[in-house]
Amino acid sequence: MNADAEKIVLDALELPPAMRAFIAEKLIESLDVEPSKSLSPEWKATIRKRCEEIDQGLTQLRDAEAVFSKASKSL
């Protein structure tokens, strides 16, 4: 690991857990998107809106395993 990356990691580890999770999420998201493909402005707005709803506690999240299990049983 180069010195810059090591410093970034050490600095990030000093942040509160929620901020570390946010940074980790953004880094992982950056690996999932092909650079040549971009999201439409409408889709970006929808993502922002849904994230805000989650952050404000306006949306009830459900466990993915439970959702898939229920869907599988209904088939």
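Here, every reference points to the structure presented above.
Predicted, not measured: the structure shown is a model, and the values here were computed from it. (Residues numbered from 1 in each chain as written. Predicted model: local features only at pLDDT ≥ 70, side-chain atom pairs only at ≥ 80, totals over all residues. Heavy atoms only, no water.)

This brings us to the overall build of the protein. Each helix and strand counted, the protein has 4 helices and 0 strands in total. Taken from the N to the C terminus, the helices and strands of the protein come in the order α-α-α-α. Here the protein has a C-alpha radius of gyration of 17 Å; the compact-globule value for 75 residues is 11 Å, and the former is much larger. Dimensions along the principal axes, computed over C-alpha positions, put the protein at roughly 55 × 30 × 25 Å. Split into buried and exposed, the 75 residues of the protein put 1% on the buried side. Looking at the protein as shown, the accessible area adds up to about 7300 Å², and 60% of this sits on carbon and sulfur atoms. (Helix = DSSP H or I, 4+ residues; strand = E, 2+ residues; numbered from the N terminus. Rg over C-alpha atoms; globule rule 2.2 N^0.38 Å. Buried < 20%, exposed > 50% of the residue type's maximum accessible area, 1.4 Å probe, protein only. Areas by Shrake-Rupley, 256 points an atom, 1.4 Å probe, with all protein chains shown as cover.)

Moving on: a nonpolar patch on the surface. On the surface, a nonpolar cluster with roughly 440 Å² of combined accessible area is contributed by Met-1, Val-9, Leu-10 and Leu-13. Position of Leu-10 among the secondary structure elements: in helix H1 (residues 3-13). (Patch = residues over 30% accessible without salt bridge, like charges linked within 9 Å, V, L, I, M, F, W, Y side chains within 5 Å. Salt bridge = Lys/Arg side-chain N within 4 Å of Asp/Glu carboxyl O.)

With that settled, consider the environment of Pro-41. By the secondary structure assignment, Pro-41 is in helix H3 (residues 41-55). Relative accessible area serves as the criterion here: at 63%, Pro-41 is assigned to the exposed category. C-alpha separation for the pair Pro-41 and Ala-71, spaced 30 residues apart in sequence, amounts to 31 Å.

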